[in-house]
Amino acid sequence: MNFRQERKTVMDHLQNCQGCAHEDSCKEIYRCVGNQDAPPVTGKIIRAFVLPLIVFVACVGFMQHSLGSEHPKLTTIIAFAVSLTVTMLFVWLTKLLVRN
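Asks: Before we move on, can you summarise the overall build of the protein chain with the specific residues and values?
Replies: Looking only at helices and strands, the protein chain has four helices and zero strands in total. Tracing the protein chain from N to C terminus, the helices and strands come up as α-α-α-α. When each of the 100 residues of the protein chain is scored for burial, the buried share is 12%. Intrachain contacts of the protein chain at a sequence separation of at least 6 include 48% that bridge at least 24 residues. Put simply, the protein chain shows about 8,300 Å² of open surface, and 67% of that area lies on carbon and sulfur atoms.

Below, the structure is given as structure tokens:
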């Protein structure tokens, strides 16, 4: 049984839908969405959201460690500015590499 057939079977057997005013239309929407042959977007989501966040957090940690803690407010401001710049460069380079 493939994924679409399995999802259809699950939707057909749900007890929560009984008595709902939207029971038929809801099932039809899930059937339509399940039958689409769209390309997976997981890689795009990871590239767009997860990797920049990881780069930013790692850069902040590295900068905080590298700059020391003699002036904590200044260290935080510098670490944030550098990390934001590095993250923006990372996003820009990622866009360039993905397009080509």
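Asks: Can you tell me about helix α3 (residues 42–67), naming the residues and giving the values?
Replies: Since the α-helix packs 3.6 residues into each turn, any two residues three or four apart lie on the same face. With 26 residues, α3 should cover 38 Å at 1.5 Å per step; its first-to-last C-alpha distance of 36 Å lies within 8% of that length. For α3, the principal kink sits at V50 and spans about 30°; a proline, P52, occurs within the next four residues. Taken residue by residue, α3 has P52, C59 and M63 as its buried positions. Lining the buried residues of α3 we find α4 (72–99).

Cut-offs applied
Residues numbered from 1 in each chain as written. Predicted model: local features only at pLDDT ≥ 70, side-chain atom pairs only at ≥ 80, totals over all residues. Heavy atoms only, no water. Helix = DSSP H or I, 4+ residues; strand = E, 2+ residues; numbered from the N terminus. Buried < 20%, exposed > 50% of the residue type's maximum accessible area, 1.4 Å probe, protein only. Contact = heavy atoms within 4.5 Å. Areas by Shrake-Rupley, 256 points an atom, 1.4 Å probe, with all protein chains shown as cover. Expected span 1.5 Å × (residues − 1). Bend = angle between axes of the 7 residues up to and from the residue.

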